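Letter by letter, the chains look like this.
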Amino acid sequence: MAEGVVTVVAEGIKPLGEFIIQQAKFLSGVSNQIELAQNELHLIRGFLKDADMKQQDEELVRNCVELIRDAAYDLEDVIESFYLKVASRRRGGTVKRIVLKRFACIFNEGLNRYKIGSEIEHIMAKLSHLRSNLQSYNIRQISGGESVASAFKRQQDRRRTYAHEVESHIVVGLEEITGTLVKKLVREGKRHLVVSIWGMGGSGKTTLAKQVFRQNEIKRHFDCFAWVCISQQWEGKVVLEEILIKLTSPSTEKRKEISKMKMDEIAEEVCSIQREKRCLVVLDDIWTQEAWNSIKAGFPINEKTESRILLTTRKKEVALLASKNDHLHQPQQLDDNQCWELFEKIAICGSDKTDLEIDAEKRKLGEEMLKHCSGLPLAITVLAGLLSRRETVDEWKTVLGNVNVCIMRGTNVPEREKTSQECGVSGVLALSYDDLPSHLKLCFLYLAQYPEDHEIQVTRLTQLWIAEGFIPSTSEIHGSIELMEDVSYGCLTELVQRSMVQVGIYGFSGKVKSCRLHDLMRDLCLQKAKEENFLGIVNFSVGPVSNATVIGKVRRLALYLDENVKYEFSSENGRDGHIRSLLYFAPKEFKQKWNKRIIRSVFNDFKLLRVLKIENISRGFELPKTIGNLVHLRFLSLKGSAYRALPSSVSNLVLLQTLDLRGGFISRDTKIRNVFWNMKQLRHLYLPHFIYGYSVSGKLSFARLCNLQTLANFSIRKCDLNDLVQLSNLKKLSILPTGSGKLEKLKDMLISRNRTYKHLRSLSLEVIGSGDGDIIPSDIVLRCPHLYKLRLWGEMTALPKELPNLAKLTLIKTKLKGDQIEILEKLPNLRVLYLGWCSFESETMVFSQGGFPHLEFLTLHYLRDLKEWRVEKEAMPCLQRLHIVECYGLQALADGLQEITTLKELTIDEMPSRFCSRVGEGGEDFYKIKHVPSRIITNIQRDYEMEEAAVTLIRN
């Protein structure tokens, strides 16, 4: 991994060094030192390739590698700090006299070029000495290593999109037990039931539970569903609160009420729902009997009810405590044939081979390796993912040899005794890490910071990887037109393809939106991160933190906050000021008050921060002026936090790439100053949500943000429209609610200047007001010819017609006439359509023959005028999911739905009882949807409830 660090440092200081070298006439000595340092780093990389492979077994090599890693970081710190000081003086003027005067200030401050040159020379000498030590340990220089840019280019060339297939194969061997569990859950009569699945890590417990959860028979039988992960860090009240929210889908106001309830009140509420309705609650990954005992009061155990619990655990005693013996199930280890079936599918799926047969010699090698997987699906998929990238018999032989080495290494682990089965699985997983190229090792280890079972948002993860320097500038990838974000996403997909990262949610485009680590893979990630001193974790949920919690020169810290444990942390806990990343993981709406001393310590003690994430701190706090001293910051997120102002010193953060200001509880008193104008590196800017929620002095300026790709919550009232027109590289834009006159002005500016947003993929426009002229101009949309996603909230006279790439469309309060459906149904690539509150004002809506050729997901939500819906022959031939919600006037389901054989899921929510009776079994409309595997009817509205709900929505 040290090779990866050195490579990242070498790539990172390259542009800094080039700038300083350009100033060579004023910085003689320093520029030469930087050039020599770059050469030394490239030279030492060749030795680290060999050293990284040998350090596992040789302590001297391991120590030497660690010193090299720290020295590389120190070198980057020195050069970057110097660069920032030089650059800040250069911005003051270009005349030679001014430059010399400003450089004189540097000398007066004690940071003169001689001192900097001396520091660089000292680090270089250290690196040279360490390189000599490596040679004395018989570490050889491996020549011909590819550059980071070349590695990424190779990754780009061989990138494939078969993650869906890999996920589908892991159900091999689970078909029979899945059927057994489904029958048990739906056919055991009126008595509460707890069904437990237990087994060792990687045996497929969660996969089996997911298979059961997704079955159509399950979806039809139960009214309400909740899936919660318990994990090792559990809190009974939080678990029950999450179950209650998932079973009831409460409004924002109701959620606030729930958060104030006591635990016994929440438990009684959860119990009551399970008595009244048929609920399925999945409790995934319970580790202890204490965890079960803390939440069982929330279930009507031993009562007459058709609600059920499906529980997964590694501990048999936990399963026995929750279930009777006849409700205990254990996924069986796959037999030899099943192991090979799973292995072969994935190994071939990831290769260029089209023949489904692997030649005899490879099969023999594969079977030998599979012996170490102990029939566990996780180990098999990881091994197969690794071999899918190997094309020759010799490459498979090499992997077999490496597997044996890893198994032997596993038997020598001193921390605890391992069975041969555990050693085999651990060895296979460790091999998957060893096989990663250096840049992917860094990306993988970064995942260790996330709490157990944490759902990792991919967009945010890719931004963090870029901020950390793991992803090179695409200008270095010759011939590539991909953005750094695309390259970063490619790293994530490669980890998925290697089965080292699991997919959480796929987006409508087929891209991964969220991901997670399997428990065993997270154990490996934590172990390797600790060995490499890659990051430290401070867990307040297990009690107060002592100064000895973090040991060594750790450069990344993740802090897990807990509502019940007082937060106290400063640089003393980190042992030094070399922290580069500080990420706080707090429960939603974390209410613990931070005093000024705590806040100051964050911004004063960690001067070299590149990444700072302070999210979900809901008690108000002041950001100190010293935030402007964190000049190395690439990433800053205050999402969901109640900061009271944005100090003007934030304008000093010129290296920022991502800035997220979507704070919680923003008020009129919150001040957002014009601090963005000089952030030329900024790529993603998320402004606060609310139009009236913050104050500004003058207009916010974005004209110089030439690299900006994301601009969220742009307020025309508070920002300069001229700047918006100039941001030609935007990929995502959302404009806050505004009067339509402002949008008209934007339209006129775009047309008069002949501006087109050629790169824009996602657009959201919102208009407020009730005047006759308050409409959304469709011409703005037409100025974005390559839109993939579009959200329109506000009145329109007509929809734009020329949107050939549009895949997802959301319409709310657009008040369109029924004939506008003809425009929508002709969009050639539309896959997702959400027709929301008052989007159409027609009593009749017709989907004509052949309309919506690729539509897969359709939602009709509160179309208050709609009485009749007709679907003609061959309309929506690809429809998979249909949701009808709060369409109180709709008399019947559309004729023609019975012809749509692709429809897999129908959800009827908060509809009148008369409508629900028609679509239920035996009803007049049942024949139209009886072929649909999953039919869910929830929250049936009685007449008086329907009228109250309608009045409430109209008032809003």
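First, a word on scope: everything that follows refers to the structure included in this document. (Residues numbered from 1 in each chain as written. Predicted model: local features only at pLDDT ≥ 70, side-chain atom pairs only at ≥ 80, totals over all residues. Heavy atoms only, no water.)

### Quick notes on the overall build of the chain
When helices and strands are tallied, the chain shows 33 helices and 29 strands. Residue burial in the chain is summarised as follows: out of 956 residues, 56% are buried. When contacts within the chain are restricted to residue pairs at least 6 apart in sequence, long-range pairs at least 24 apart make up 69% of them. Carbon together with sulfur atoms contributes 48% to the accessible area of the chain, which is approximately 40,900 Å² in total. (Helix = DSSP H or I, 4+ residues; strand = E, 2+ residues; numbered from the N terminus. Buried < 20%, exposed > 50% of the residue type's maximum accessible area, 1.4 Å probe, protein only. Contact = heavy atoms within 4.5 Å. Areas by Shrake-Rupley, 256 points an atom, 1.4 Å probe, with all protein chains shown as cover.)

### A closer look at the pairing of strand 20 (residues 762–766)
In terms of residue burial, strand 20 counts as a mostly covered element, since 5 of its 5 residues are buried. The alternating pattern of strand 20 places S762, S764 and E766 and L763 and L765 on opposite faces, both of which are buried. Note that strand 19 (residues 732–735) and strand 20 share 3 bridges and pair parallel. For K732, the partnering residue across the bridge sits in strand 20 and is S762. (Pairing = 2+ DSSP bridges.)

### A word on the packing of aromatic side chains
Counted under the stated rule, the structure contains 17 aromatic pairs. For the pair W292 and F299, a centre-to-centre distance of 6.1 Å together with 15° between the ring planes defines the contact as stacked. Neither residue differs from the other here; W292 and F299 are each classed as buried. Grouped by ring-pair contacts, the aromatic residues F213, F222, F225 and W227 constitute a single cluster. (Phe/Tyr/Trp six-rings, centres within 6.5 Å; stacked < 30°, edge-to-face > 60°.)

### Regarding the sheet that holds strand 6 (residues 456–457)
Strands sit in the order 6-8-7 across an open sheet of 3 strands; the sheet is antiparallel. For this open sheet the edge positions go to strand 6 and strand 7 (502–506), each flanked by a neighbour on one side alone. Where strand 6 meets strand 8 (residues 512–516), 2 bridges bridge the pair, whose relative direction is antiparallel. Across the sheet, I456 pairs through a bridge with C515, a residue of strand 8.

### Digging into the side chain of H192
Locating H192 in the fold gives a position in the loop between helix 8 (175–186) and strand 1 (193–198). Given the relative accessible area of 10%, H192 is considered buried. Leave out the neighbours within four places in its chain, and H192 touches Q274, F299, P300, I301, N302, E303, T305, S307, R308 and I309.

### Structural notes on the sheet that holds strand 5 (residues 328–329)
Taken together, the 5 strands give an open sheet; going across it, the order is 2-3-4-1-5, and neighbouring strands pair in parallel fashion. Bordering the open sheet on either side are strand 2 (224–231) and strand 5, each of which pairs with just one other strand. Taken together, the 6 bridges between strand 1 and strand 4 (residues 308–313) define a ladder with parallel strand orientation. For S196, the partnering residue across the bridge sits in strand 4 and is L311. Set on the sheet, helix 9 (residues 205–214) makes contact with strand 1, strand 2, strand 3 (279–286) and strand 4; between it and strand 4 the angle comes to about 160°. (Axes fitted to C-alpha atoms, helices over the stretch in contact; angles between N-to-C directions.)

### Description of the nonpolar core
Judged by nonpolar contacts, the single largest core of 121 residues is most densely connected at L612, F676, L824, W869 and M876. Here M876 is in contact with F847, G851, F852, L855, L858, W869, V871, L897 and I900, once residues within four sequence places are set aside. (Core = buried A, V, L, I, M, F, W, Y, C linked by side-chain atoms within 4.5 Å.)

### Re unusual backbone geometry
Even without a glycine there, the phi angle at N302 is positive, about 65°. Structurally, N302 can be placed in the loop between helix 14 (289–295) and strand 4. The backbone of E910 shows a phi angle near 55°, a positive value even though the residue is not glycine. Tracing the backbone shows E910 in the loop between strand 28 (905–909) and helix 31 (913–919).

### Quick look at empty space enclosed by the protein
Taking a probe equal in size to a water molecule and rolling it over the atoms shows the remaining empty space. In total, this model carries 7 cavities of 30 Å³ or more according to the counting rule given. Each pocket or cavity is described by its volume, and for the largest cavity that value is around 70 Å³. Taken together, G4, V5, V8, Y73, E76, L442, E468, F470, R556, R580 and R610 form the lining of the largest cavity. The set of elements that each furnish at least two residues to the lining of the largest cavity consists of helix 1 (2–22) and helix 3 (59–90). Take the lining of the largest cavity: its biggest share by element is 3 residues, from helix 1. (1 Å grid on protein atoms, 1.4 Å probe; cavity = no way out; pocket = protein on both sides within 12 Å on 5 of 7 lines; lining within 4 Å. Points joined across faces, edges and corners; volume = space filled by probe spheres on them.)

### Concerning the packing of helix 8 against helix 9
The N-to-C vectors of helix 8 and helix 9 enclose an angle of 55°; their axes lie 9 Å apart at closest approach. By the criterion of interaxial angle, the relationship of helix 8 to helix 9 is oblique. Where helix 8 crosses over helix 9, the handedness of that crossing is right-handed. On helix 9, the residues that touch I177, T178, L181, V182 and L185 of helix 8 are L208, Q211 and V212. (Parallel < 35°, antiparallel > 145°, perpendicular 65-115°, else oblique. Left-handed = near helix turned anticlockwise from the far one by under 90°.)

### What about the pattern of salt bridges?
What the rule picks out here adds up to 44 salt bridges. For R131, the salt bridge identified is with E40, shortest N-O distance 2.8 Å. With R131 in helix 5 (residues 113–136) and E40 in helix 2 (residues 30–54), this residue pair connects regions lying 91 residues apart in the sequence. E40 shares its class with R131; the two are buried. Each of D74, E76, D77, R555, R580 and R610 takes part in one network of salt bridges that share partners. (Salt bridge = Lys/Arg side-chain N within 4 Å of Asp/Glu carboxyl O.)

### Here's the deal with the state of the cysteines
Under the criterion given, the structure shown has 0 disulfides. With no disulfide of its own, C224 lies 4.3 Å from the sulfur of C279, the closest cysteine sulfur. (Disulfide = S-S within 2.5 Å.)

### Brief notes about the side chain of D435
Residue position: D435 is located in the loop between helix 20 (420–434) and helix 21 (438–445). A residue is classified by how much of its surface remains accessible, and D435, at 19% relative accessible area, is buried. A distance of 2.8 Å separates a polar atom in the side chain of D435 from a polar atom in the side chain of R498. Residues contacting D435, with those up to four places away along its chain left out, are L386, R390 and R498. (Polar contact = N/O pair within 3.5 Å; in protein donor to acceptor, adjacent residues only side chain to side chain.)

### With respect to a positive patch on the surface
Residues K699, R717, K742 and K745 make up a contiguous surface patch of positive charge. Tracing the chain through its elements places R717 in the loop between strand 18 (710–714) and helix 27 (721–726). In this structure R717 comes out as partly exposed when scored by relative accessible area, which is 37%. (Patch = residues over 30% accessible without salt bridge, like charges linked within 9 Å, V, L, I, M, F, W, Y side chains within 5 Å. Lys, Arg positive; Asp, Glu negative; His and termini not counted. Charge placed at Lys NZ, Arg CZ, Asp CG, Glu CD.)

### Focus on the packing of helix 21 against helix 23 (residues 484–497)
At a minimum axis distance of 10 Å, the contact between helix 21 and helix 23 shows a crossing angle of 85°. By the angle between their directions, the pair helix 21 and helix 23 is classed as roughly perpendicular. The segment helix 21 lies against helix 23, with H439, L440, C443 and F444 engaging C491, E494 and L495.

### Re helix 11 (residues 236–248)
Look at helix 11: 18 Å from first C-alpha to last across 13 residues, which is about the 18 Å you get at 1.5 Å a residue. Of the positions making up helix 11, those classed as buried are G236, V239, L240, E241, I243, L244, I245 and L247. Next to the buried residues of helix 11 lie strand 2, helix 12 (252–260), helix 13 (263–276), strand 3 and helix 14. Immediately downstream of helix 11, the backbone of S249 shows phi near 45°, a positive value. (Expected span 1.5 Å × (residues − 1).)

### Let's talk about helix 8
Here helix 8 spans 17 Å end to end across 12 residues, near enough to the 16 Å set by a 1.5 Å rise per residue. When we look at burial in helix 8, the residues that qualify are I177, T178, L181, V182, K184, L185 and V186.

### Let's talk about the environment of K528
As for its placement among the helices and strands, K528 is situated in helix 24 (residues 519–531). For K528, a relative accessible area of 3% translates into the label buried. Distance in space between the C-alpha atoms of K528 and A448 is 9.0 Å, their sequence separation being 80 residues.

### Overview of the environment of Y433
In this fold, Y433 is placed in helix 20. In this structure Y433 comes out as buried when scored by relative accessible area, which is 2%.

Any functional reading would require information beyond the geometric quantities listed.
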